[in-house]
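# Survey of secondary and tertiary structure
One-letter residues, chain by chain:
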Amino acid sequence: MKNTLLVSLALVLSIHATPLLGQTTKLPHVMILATGGTIAGSAESQTSVGYTSGAVTVDVLIKAVPGLTKIARISGEQVASIGSQDMNNEVWLKLAKRVNEILKADTVDGIVITHGTDTMEETAYFLQLVVKGRKPVVLTGSMRPSTALSADGPLNIYNAVAVAGDTGSRGRGVLVAVNDNIHGGREITKTNTTSVQTFESPQYGLIGTTLYGKQSFFRYPFRKNTTSSEFTIDGVTAFPRVDVIYAHANMSPDLIDAAVKNGAKGLIIAGVGDGNMTTPALEALARAVRSGVVVVRSSRVPSGHTWRNSEVDDDKYGFVAAGELLPSKARVLLMLALLTSNEPLAIQKMFDTY
Ligand code: DGL
């Protein structure tokens, strides 16, 4: 039911970017771009597992966030209204282009993007690579619908708006504010199917924390991002197809061959351990490279580094090693990389840089 009833805050936000309930021009102006998810969801009871989204209007939602208009002037705009399991390249391009337009116009102090939690980590990394600006771009979502006991959406929105309006957030790349934590767009990953404490940044830790709108920052991103990123979506209308294939014991080559046959220009192998796979799968990947497909070895293990030339001879096979990028994020980077190159060593450099 959760999967089929996803209508977001997006549906109830004004399409026009009119400031809502602003109190004083001295407050930061934060624009909320809504894409979907269940942050505005409503359930039959406070303990229902299933719920109906979209039942909550923006006015009700803002009223459910006490003090929100005391910390920022809020504008709302609907970019999409999809559950994030349906997130796709078209919405990414639309969203990123809109973010870049807003940042270029320089009329807001920060942007909050409401998003379903399933693919939030991919959207965050995509934006981290293509957004051009130092002002805060902050994603948030919720694990519980707004009518649930201890709904997490209102405080997540409050904190995300506070982070977006905080000048201390500037230059820290695309951020995700959830459950009192501020994650970097590159590192964040969902680690639990339903728990409120689902998001972790296992490799490098948090960018900071936020408590009722008060931020404490720990670090800046370690990798190139936003204004220092070479990637641009100007003039881009589509991306090359990149598939992720999950490795396992007794893996056959069939899915790899099928992906290539179906037009994949890039493949991410979510390998076992340090990016390994069965010998028949390895041979299929070598065939893929010979036919011009770029193959990136990542790992299905949730943390750690996929090392180049470790157990697999990447030099010999012409593979790229993903480092500590998770398969879903490696896919995002490879899609962008393939816009300008299909040369494995040039793409390896991008994986070492971003
Ligand atoms: N399937 C989820 C999504 O990512 C809905 C629940 C949520 O927003 O976390 O949109």
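Model, not experiment: these values are computed from the prediction. (Residues numbered from 1 in each chain as written. Predicted model: local features only at pLDDT ≥ 70, side-chain atom pairs only at ≥ 80, totals over all residues. Heavy atoms only, no water.)

Another point: the overall build of the chain. When helices and strands are tallied, the chain shows 11 helices and 15 strands. Taking contacts inside the chain between residues at least 6 apart in sequence as the whole, the part at least 24 apart equals 74%. Carbon together with sulfur atoms contributes 52% to the accessible area of the chain, which is approximately 14700 Å² in total. (Helix = DSSP H or I, 4+ residues; strand = E, 2+ residues; numbered from the N terminus. Contact = heavy atoms within 4.5 Å. Areas by Shrake-Rupley, 256 points an atom, 1.4 Å probe, with all protein chains shown as cover.)

A few words on helix 6 (residues 153-164). With 12 residues, helix 6 ought to run about 16 Å at 1.5 Å a step, and its terminal C-alpha atoms sit 16 Å apart, in line with that. Looking only at helix 6, the buried set comprises Gly153, Pro154, Asn156, Ile157, Tyr158, Asn159, Ala160, Val161, Ala162, Val163 and Ala164. (Expected span 1.5 Å × (residues − 1). Buried < 20%, exposed > 50% of the residue type's maximum accessible area, 1.4 Å probe, protein only.)

On to the sheet that holds strand 13 (residues 266-271), then. With parallel pairing, the four strands of this open sheet are ordered in space as 12-13-14-15. Lying at the two open borders of the sheet, with one neighbouring strand each, are strand 12 (242-246) and strand 15 (320-321). Relative to strand 13, strand 12 runs parallel, the two being bridged by five bridges. From the neighbouring strand, isoleucine 245 faces strand 13, where its bridge partner is isoleucine 269. (Pairing = 2+ DSSP bridges.)

Glancing now at the pairing of strand 6 (residues 175-178). Of the two faces of strand 6, both are covered, the one formed by Leu175 and Ala177 as well as the one formed by Val176 and Val178. As defined by bridge partners, strand 5 (residues 137-140) adjoins strand 6 across two bridges and the pair is classed as parallel. Note that in strand 6 the partner of leucine 139 across the bridge is valine 176. Crossover strand 5 to strand 6 through helix 6 is left-handed. Where strand 6 lies against strand 7 (residues 181-184), four bridges are found, and the strand directions are antiparallel. In the sheet register, valine 176 faces strand 7, and the bridge partner there is histidine 183. Here strand 6 folds back onto strand 7 in antiparallel fashion, the turn holding two residues, of which asparagine 179 has a positive phi close to 50°. (Right-handed = clockwise from strand over helix to strand, strands pointing away.)

Another point: empty space enclosed by the protein. Tallied over the full model, the rule gives four cavities of 30 Å³ or more. Roughly 90 Å³ of internal volume is contained in the largest cavity. Lining the largest cavity, in full, are Arg186, Glu187, Pro202, Gln203, Pro302, Glu324, Leu325, Leu326 and Lys329. Taken together, the residues that form the lining of the largest cavity break down as four nonpolar, one polar and four charged. Here the second largest cavity defines a volume of roughly 50 Å³. Around the second largest cavity, the lining residues are Gly133, Arg134, Lys135, Pro136, Val137, Ser169, Arg170, Gly171, Arg172, Gly173, Val174 and Thr226. When grouped by side-chain class, the residues that make up the lining of the second largest cavity number three nonpolar, five polar and four charged. (1 Å grid on protein atoms, 1.4 Å probe; cavity = no way out; pocket = protein on both sides within 12 Å on 5 of 7 lines; lining within 4 Å. Points joined across faces, edges and corners; volume = space filled by probe spheres on them. Nonpolar A, V, L, I, M, F, W, Y, C, P; charged D, E, K, R; others polar.)

Our next topic: the packing of aromatic side chains. Going through the model one piece at a time under the given rule, you end up with five aromatic pairs. A ring pair is formed by phenylalanine 126 and phenylalanine 239, whose centres lie 5.8 Å apart and whose planes are at 90°; its orientation type is edge-to-face. With phenylalanine 126 in helix 5 (residues 120-130) and phenylalanine 239 in the loop between strand 11 (214-217) and strand 12, this pair connects stretches of sequence that are 113 residues apart. Each member of the pair, phenylalanine 126 as well as phenylalanine 239, carries the same accessibility label: buried. In this structure an aromatic cluster arises from ring pairing among Trp92, Phe126 and Phe239. Residue placement shows arginine 172 over the ring face of tyrosine 220; its charged tip is 3.9 Å from the ring centre. (Phe/Tyr/Trp six-rings, centres within 6.5 Å; stacked < 30°, edge-to-face > 60°. Lys NZ or Arg CZ within 6 Å of the ring centre and 35° of its normal.)

This brings us to the pattern of salt bridges. Tallying each qualifying case throughout the model produces 12 salt bridges. Notably, a salt bridge pairs glutamate 187 with arginine 219, separated by 3.2 Å at the nearest N-O pair. Placement of the pair is glutamate 187 in the loop between strand 7 and strand 8 (189-190) and arginine 219 in the loop between strand 11 and strand 12, with a sequence separation of 32 residues. On the basis of relative accessibility, which here comes to 10%, the residue arginine 219 falls in the buried class. For arginine 241, the salt bridge goes to aspartate 243, with nearest N and O atoms at 2.9 Å. Judged by relative accessible area, which is 17%, aspartate 243 ranks as buried. Shared partners join several salt bridges into a network, and the residues in it are Glu77, Arg98 and Glu101. (Salt bridge = Lys/Arg side-chain N within 4 Å of Asp/Glu carboxyl O.)

In this structure, strand 10 (residues 208-211) lies alongside strand 11, joined through four bridges in antiparallel fashion. Pairing of leucine 211 across the sheet is with lysine 214, part of strand 11.

It is worth spelling out the packing of helix 10 (residues 327-337) against helix 11 (residues 344-353) at this point. Running from amino to carboxyl end, helix 10 crosses helix 11 at an angle of 130°, the nearest separation of the two axes being 11 Å. Classified by the angle their axes make, helix 10 and helix 11 are oblique. Here helix 10 and helix 11 pass one another in a crossing that is right-handed. Facing helix 10, whose interface residues are Ala330, Leu333, Leu334 and Ala337, helix 11 presents Ile347, Met350 and Phe351. When its residues are assigned to classes, the contact of helix 10 with helix 11 shows seven nonpolar, no polar and no charged. (Axes fitted to C-alpha atoms, helices over the stretch in contact; angles between N-to-C directions. Parallel < 35°, antiparallel > 145°, perpendicular 65-115°, else oblique. Left-handed = near helix turned anticlockwise from the far one by under 90°.)

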